[in-house]
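Summary of the model geometry
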Amino acid sequence: MTDAKTMAYINMYAVLGTLENLCELDFKAKEILSSLTKPVSLAFEVKDGPAATLFFSSKGCRMEDGVNNPDIKIPVSSCEKFNNIIDGKATPVPTKGIAKIGFLLKTFTALTDRLTELMRPSEEALRDRDFFVLSTRLTFYTIAVAISQIANQDAIGKASASYMVDGDISIGIKNCDTATIRVKDHRLVTIKKAPEKPRAIMSFADYDLAAALFGGKVNALEELCRGTVEIHGMASMIDNMNRLLDRVGLYLA
Amino acid sequence: MSKYPEYNHDKGREFFDRALKVIPAGIYGHLGPSEGLWIPIQKWPYYSVKAQGSYFWDADGNKYIDYMCAYGPNVLGYNDPDVDAAAKAQLEKGNCTTAPSTIMVECAENLVNTVASADWAFFCKNGSDTTTLAVMSARAHTHKRKIIFLKGYYHGDFQWAQKVDYPGILPEDVCHNLVAPWFDIDALQKLYDENDGDIAGLIAQPYDHGNFKDNEIASREYWQSVRKWCDDHGVVLIFDDVRTGFRLDLAGSDHYYGIKADLICFCKALANGYNMSALCGGEHMKATVSGMTYTGSYWMSAVPFAACIACINKMKALDTPTLFRKLGTQVTEGFKAAAANNGFNLVVSGEPALFYLRIADDDSLMLHQEWIAECVSRGLFLASHHNHFINASLTEDDIKLSVDIAEDAFNVLRKNHPELR
């Protein structure tokens, strides 16, 4: 069972939030952004759901929580509607920034199309090793952020979070991308960089293993037994994060 | 230079790689790498090939002094001659038969004569079989639905005893589970009131021996208050003595705390490794349990009953609870001193017979995991985050050896962490 509100939070912070990483890691995204002559900000405000602002410049993209005086504002009447927009089943209608509609139709759409290409790749595309690595890295950041959204919004995810003690979990692909899952009073927040002093560590051996895990082709506990997933530290935090990870697959399938 | 060189596990790993092809997770459950928390996996022995007394040997021929005792069943020592002789004698007569062996009656009588709160015994195979029967019986007896658990609970892996976020568990499987904090009678009352008194039972281990945290001993006063509260509210009190049973008190851990549970679950130490479990209870619960639809293919096999009788008789002769308290105290005092000699603070908690260890110098437990791994890879088998078990074959020399290996492992840890000086 999934719920629309949790999905909306995942779509906002985990899916759209991965535009930050796309613009940093992908040369095609950089090319798209290079056409920007001045910064543009775009906010989505979902009724009874998430609100966030994306700031784009020719150098990259960052997301901030809330609606922060954006150039373009898109209010959305419900979480369901927002999810439909992300799925391409509904069209976003801005109430502010009509003059910048060109950015929405051209630059933003080109970026989200590129994100979709990488996040929902064809088997053929994945045969290109560089594409595969980039796809896996972006998926990693999406999943890392989705873990926190599920812990904070999903009814069963909240149960997992309720068993977690405070502290930073380091989750990452060995010698590559690492994120922090910060737990405080059973609320989780994902920070897209390694923690200074993790209380628990979960690391995947390499991109191939990470991709297989994210794709649901292998199980984290089995890989732990195999030795391709390593854990250290407060194992109860990892145990509960792993349950959240299981639910990420449910939402992002 | 380490006094005890690290073991090599090449052959064990070969078996494990073969296992990964034909057994999910290679070794699943608490004896395996994920639930057993083998951190890192390379330091653990994977499999054993033989065992004797307090020791087992792995596939590479390495010898381990074992403080996990198969997670409890090894209570007298592996291959105890008296228990094995009784089991072998029964095997020659018969084991799994259409008409249960008369030894089943003798085993039940032995338990009733041993366990203070027991007027009868119902036999199964695993701890989960008994906790499940206990919960079903509480519901059947009271015609109520909810069961109160105490925080950090573990009562086996059947659906009802798992948590809502575990794989394969439906919210409906656990929707009648209520959780109260330990040592808080007011919290029980609050749950009772919030649920309009729809409480069938309260199931608990004798004290808070959850994992990843220091164990907290209960008091007689606490359990006497819980007993009274259950009596006042018609709630069936279930003691899960699967882990602690016969290690604190041969008459049951409820007896240890000065009360009589309505139902009490036994398994691990019951038959020194022969596979059986038992739910015992008071006369007032017997008719209810008689009416339950509950059975299993091997639950009345005779060999474990013979082993159980021999095991209980020997535990009585040795007064194992007193022995375990003495040995557990001795070994943990040695471990603590070894830690202090190397500048570490090792916290020991829980009952000495089931001691729990934690290095308190960092809150991530990584240092503790390193020390445990250094111990295991040198032949001292401890668990990262689970209580340990004492068995009756443990000798003074075994304890000296254990403390010596522990000290060596602390020495390695100290050298690996110059930043802690």
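Being a predicted model, the structure only gives us computed values, none of them experimental. (Residues numbered from 1 in each chain as written. Chains lettered and ligands numbered in written order. Predicted model: local features only at pLDDT ≥ 70, side-chain atom pairs only at ≥ 80, totals over all residues.)

1. Focus on the interface of chain B and chain A
- Across the contact, 23 residues belong to chain B and 21 residues belong to chain A.
- Grouping the constituent residues of the side of chain B that touches chain A by class yields 14 nonpolar, 6 polar and 3 charged. (Contact = placed C-beta atoms within 7 Å. Nonpolar A, V, L, I, M, F, W, Y, C, P; charged D, E, K, R; others polar.)

2. Points about the sheet that holds strand E1 (residues 40-46) of chain A
All names here are of chain A.
- Strand order in the open sheet made by the 4 strands is E3-E2-E1-E4, with mixed pairing throughout. The open sheet has two edge strands, strand E3 (60-65) and strand E4 (72-76), and neither has a second partner. Taken over all neighbouring pairs, the strand axes of this sheet differ in orientation by 15 degrees on average, direction set aside.
- Bridge analysis of E1 against E4 gives 5 bridges, and the strand direction is parallel. The partner of phenylalanine 44 across the bridge, within E4, is isoleucine 74. (Pairing = 2+ DSSP bridges. Helix = DSSP H or I, 4+ residues; strand = E, 2+ residues; numbered from the N terminus. Axes fitted to C-alpha atoms, helices over the stretch in contact; angles between N-to-C directions.)

3. Notes on the sheet that holds strand E5 (residues 146-150) of chain B
Residues and elements named next belong to chain B.
- Spatial ordering of the open sheet is given by E4-E10-E9-E8-E7-E5-E6, a layout of 7 strands whose pairing is mixed. Two strands close off the open sheet at either side, each with one partner strand: strand E4 (120-124) and strand E6 (177-180). Each adjacent strand pair in this sheet contributes to an overall mean axis angle of 25 degrees, direction not counted.
- Pairing geometry for E5 and E6, over 4 bridges, is parallel.

4. Focus on the nonpolar core
- Within the largest apolar cluster, 201 residues are counted, with the highest numbers of intra-cluster contacts made by A:Ile147, B:Ile238, B:Ala278, B:Ala306, B:Ala307, B:Cys308 and B:Cys311.
- Residues in contact with B:Ile238, not counting those within four places in the same chain, are B:Ala134, B:Ala138, B:Gly201, B:Leu202, B:Ile203, B:Ala261, B:Asp262 and B:Leu263. (Core = buried A, V, L, I, M, F, W, Y, C linked by C-beta atoms within 7 Å. Buried ≥ 20, exposed ≤ 12 C-beta atoms within 10 Å, placed from the backbone.)

5. Regarding the packing of helix H11 (residues 320-341) of chain B against helix H13 (residues 396-416) of chain B
Residues and elements named next belong to chain B.
- With their axes 9 Å apart at the nearest point, H11 and H13 run at an angle of 25 degrees to one another. Here H11 is positioned roughly parallel relative to H13, judged by the angle of their axes. Relative to H13, H11 is oriented so that their crossing is right-handed. Within the contact between the two elements, H11 uses Leu327, Gln330, Val331, Gly334, Phe335, Ala338, Ala339 and Asn341 and H13 uses Ile399, Ser402, Val403, Ala406, Glu407 and Phe410.
- Here the residues of the contact of H11 with H13 are counted per class, giving 9 nonpolar, 4 polar and 1 charged. (Parallel < 35°, antiparallel > 145°, perpendicular 65-115°, else oblique. Left-handed = near helix turned anticlockwise from the far one by under 90°.)

6. Some thoughts on the pairing of E3(A)
Residue and element names in this part refer to chain A.
- Two strands pair when backbone bridges link them, and strand E2 (residues 51-57) and E3 are joined in this way by 6 bridges, in the antiparallel orientation. When the sheet's bridge partners are listed, alanine 52 is paired in E3 with aspartate 65.
- Connecting E2 to the antiparallel partner E3 that follows it, the hairpin turn spans 2 residues.

7. What about the domain arrangement of chain B?
Residues and elements named next belong to chain B.
- Taken domain by domain, chain B consists of domain 1 (10-66 + 320-420) and domain 2 (81-317).
- Here the C-alpha centroids of domain 1 and domain 2 sit 28 Å apart.
- Contacts between domain 1 and domain 2 engage 14 residues on the former and 13 residues on the latter.
- Broken down by secondary-structure element, the contributors of at least two residues to the side of domain 1 that touches domain 2 are H11, strand E11 (346-349) and strand E12 (356-359).
- Ranked by residues supplied to the side of domain 1 that touches domain 2, first place goes to H11 with 3 residues.
- The residue inventory of the side of domain 1 that touches domain 2, partitioned by class, reads 6 nonpolar, 6 polar and 2 charged. (Domains from an automatic or database assignment.)

8. Topic: the packing of helix H7 (residues 129-153) of chain A against helix H11 (residues 235-252) of chain A
Residue and element names in this part refer to chain A.
- Relative to each other, H7 and H11 sit at 100 degrees, their axes nearing to 9 Å. When the axis of H7 is compared with that of H11, the two are roughly perpendicular. Residues Ile143, Ala146, Ile147, Ile150 and Ala151 of H7 lie in contact with H11, whose contacting residues are Met241, Leu244, Leu245, Arg247, Val248, Tyr251 and Leu252.
- Residues belonging to the contact of H7 with H11 are distributed by class as follows: 11 nonpolar, no polar and 1 charged.

9. Side note on the domain arrangement of chain A
All names here are of chain A.
- Partitioning chain A into domains gives domain 1 (4-119) and domain 2 (124-252).
- For domain 1 and domain 2, the distance between their C-alpha centroids amounts to 24 Å.
- In this assembly, 16 residues from domain 1 lie in contact with 14 residues from domain 2.
- Where the side of domain 1 that touches domain 2 is concerned, the elements lending two or more residues are helix H1 (4-15), helix H2 (19-25) and helix H5 (101-119).

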